[in-house]
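Observations on the three-dimensional arrangement
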Amino acid sequence: MVATELTSIEPATGAVLWRGHSGDVDAEVATARESWANWAARPLAYRTEALRRFANVVRRRADAFADLIARETGKPLWEAHTEVESVIAKVDISVKAYAERSAQRRLDAPMGSRIALRHKPHGVLAVLGPYNFPAHLPNGHIVPALLAGNAVVFKPSEKTPAVGEFLVSCFHEGGVPEGCVRLLLGGPDEGKALAAHDGIDGLLFTGSARTGIALNRAFANRPEKILALEMGGNNPIVVWESPDVHAAAIIIAQSAFMSAGQRCTAARRLIVDERVHDQLIEAVNGLIARIIVDEPHAKPQPFMGPVIDNESADLLTESFLELMIRGGRPIRHLERPKPDLPFLLPALIDVTEMNDRPDIELFGPILQVVRARSFEDAIAEANNTRYGLSATLLSQNPALYNQFWANARAGIVNWNKPTNGASSGAPFGGIGWSGNHRPSAFYAADYCAYPVVSSESEQARASIGVGLRDS
């Protein structure tokens with residue numbers, strides 16, 4: 001594969017941030033393959049200590065890391081700092097998860113023998129990272145994979161290669177062998193080549209449903225390889241019997257517009273009791289008018305920055321126009337204050353009367369509003385999607401939450417909390433087009449090692465009591 005030049009552009013300024021070249025897939029996989037067995041043979045305590053040193057490196061370089069994340073993604077500096085904190089915290093969380101999910105166990109068995117349960121690493125795991133959380137989300141795969149004894153070939157998004165390069169350098173500086181964490185730079189071609197490579201034992205993916213479904217098809221005849229898919233969502237937030245309109249408006253804005261709407265758990269659909277619709281929408285619209293959208297280092301600090309690039313901004317603008325053409329009623333238009341940069345102002349659009357509403361993930365600051373006549377209709381509307389990642393109910397009625405929790409089809413179901421901001425100390429994943437039943441975060445340990453059950457005895461003892469002729 002011929003190396004091509006790569007360029008990373010700061011979304012907020014249009015300036016070139018980083019230049020590099022695409023990598024060699026075969027070479028990176030081969031290096032990881034040569035290195036993983038020695039890493040896997042090391043004691044768990046050795047791997048744990050190396051990862052703790054990695055966390056200390058990130059802690060020491062936190063300001064530079066956050067600045068780079070902010071510049072390459074466009075997210076506010078304060079939010080970039082929270083991402084760096086998540087990278088650091090992932091080590092302790094993964095150590096705890098490994099002890100709980102992958103611990104060695106002994107069970108008694110007849111004739112003085114025992115049953116032993118241990119876990120083995122898969123070998124070489126490929127990690128494909130997204131651009132919205134270019135450090136935290138791939139790190140959420142890499143750390144538990146390394147802890148379990150795997151080697152990793154990590155391909156960051158072609159939109160955030162500089163953050164990927166920085167992350168890998170922190171692993172190496174912390175003492176994780178260079179052969180065990182390989183950086184593969186490149187675009188879609190390198191990603192496809194890595195996913196199809198015979199030298200990997202599995203693929204851990206975070207990204208769009210379209211790409212995830214393509215990977216699922218490609219792995220259909222490769223059952224010997226683990227595939228963990230963490231995809232997007234068309235997430236609902238339902239408001240019913242929630243008298244504190246101001247608090248509801250804040251949670252709605254946090255759910256829909258944090259990270260410029262570029263979170264897989266962001267609220268895409270606001271489903272509201274038609275009897276209180278006007279009051280709630282007025283509060284949400286008024287709050288949106290106060291949201292500061294600016295470059296990452298601006299003062300006062302912005303709530304959100306631009307989307308990742310002009311192409312994404314163009315597609316979101318076209319999608320908003322398509323919603324209008326198909327019958328959506330704009331409450332607040334999707335405005336683009338700087339035509340040459342991908343800043344978008346949050347938008348609201350009522351799609352209640354639209355026929356055949358598109359079931360897609362609009363990965364940006366667009367919130368669709370649906371008015372419902374009954375709570376049962378609201379739940380049905382919440383489930384009116386092929387996705388199933390996150391869902392929230394805003395209500396002061398516990399009975400309604402019990403009903404919502406029992407019937408909402410999602411891997412994350414929240415009550416009076418935003419749809420986003422999931423805890424790394426719990427499993428994270430969804431159903432339908434949101435994942436393939438391989439939740440990440442605390443449950444990442446489950447797909448980073450496989451259980452091996454052994455029946456063991458220190459002496460060979462055997463007898464056949466039935467079915468033999470007398471000697």
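As a starting point, this report considers the structure included with it. (Residues numbered from 1 in each chain as written. Predicted model: local features only at pLDDT ≥ 70, side-chain atom pairs only at ≥ 80, totals over all residues. Heavy atoms only, no water.)

Notes on the overall build of the protein
Summing up its helical and strand segments, the protein has 14 helices and 19 strands in all. The C-alpha atoms of the protein give a radius of gyration of 24 Å, which matches the 23 Å a tight globule of 471 residues would have. Here the C-alpha coordinates of the protein stretch approximately 90 × 55 × 40 Å along the principal axes. Classification of the 471 residues of the protein by burial places 55% in the buried group. Residue pairs at least 24 apart in sequence account for 72% of intrachain contacts in the protein once pairs closer than 6 positions are excluded. Positive and negative charge centroids in the protein, built from 47 and 53 side chains respectively, lie 6 Å apart. (Helix = DSSP H or I, 4+ residues; strand = E, 2+ residues; numbered from the N terminus. Rg over C-alpha atoms; globule rule 2.2 N^0.38 Å. Buried < 20%, exposed > 50% of the residue type's maximum accessible area, 1.4 Å probe, protein only. Contact = heavy atoms within 4.5 Å. Lys, Arg positive; Asp, Glu negative; His and termini not counted. Charge placed at Lys NZ, Arg CZ, Asp CG, Glu CD.)

Topic: the pairing of strand S1 (residues 5–9)
Here S1 shows one buried face, formed by Leu6 and Ser8, and one open face, formed by Glu5, Thr7 and Ile9. Alignment of S1 against strand S2 (residues 16–21), held across five bridges, turns out to be antiparallel. Bridge pairing links Leu6 to Gly20 in S2. Taken together, S1 and the strand that follows it, S2, pair antiparallel across an intervening segment of six residues, in which Gly14 is found at a positive phi of about 80°. (Pairing = 2+ DSSP bridges.)

Some words on helix H8 (residues 209–218)
Every buried residue of H8 is listed here: Ala209, Gly212 and Leu215. End-on, the buried residues of H8 take up no more than an arc of 120°, which puts them together on one face. Seen from the open side of H8, the exposed residues pointing more than 90 degrees away from its buried face are Arg210 and Arg217. (Arc of directions from axis to C-beta.)

A closer look at the pattern of salt bridges
The final tally for this structure, using the stated rule, is 23 salt bridges. With its nearest N and O atoms 3.2 Å apart, the salt bridge here joins Glu173 to Arg61. Separated by 112 residues along the polypeptide, Glu173 in helix H6 (residues 161–174) and Arg61 in the loop between helix H2 (44–60) and helix H3 (62–73) bring together distant segments of the chain. A salt bridge links Glu381 to Arg357; the nearest nitrogen and oxygen atoms lie 2.5 Å apart. Of the two residues, Glu381 is situated in helix H12 (residues 375–382) and Arg357 in the loop between strand S13 (347–350) and strand S14 (366–372); the sequence distance between them amounts to 24 residues. Glu381 sits in the buried class, given a relative accessible area of 12%. For Arg357, a relative accessible area of 25% translates into the label partly exposed. Overlapping salt bridges, with partners in common, bring together Arg329, Asp350, Glu353 and Arg371 in one network. (Salt bridge = Lys/Arg side-chain N within 4 Å of Asp/Glu carboxyl O.)

Let's talk about the nonpolar core
If you look at the biggest cluster of nonpolar residues, it comprises 73 residues, and the most contacted ones within it are Phe54, Phe65, Leu146, Phe171, Val176 and Leu194. With seven residues, the top contributor of residues to this core is H6. Residue contacts for Leu194: discarding those within four places in its chain leaves Val25, Val29, Ala126, Leu128, Val153, Lys155, Leu184 and Ile200. Counting 59 residues, the second largest nonpolar core, distinct from the first, contains Val239, Ile281, Leu323 and Phe404. (Core = buried A, V, L, I, M, F, W, Y, C linked by side-chain atoms within 4.5 Å.)

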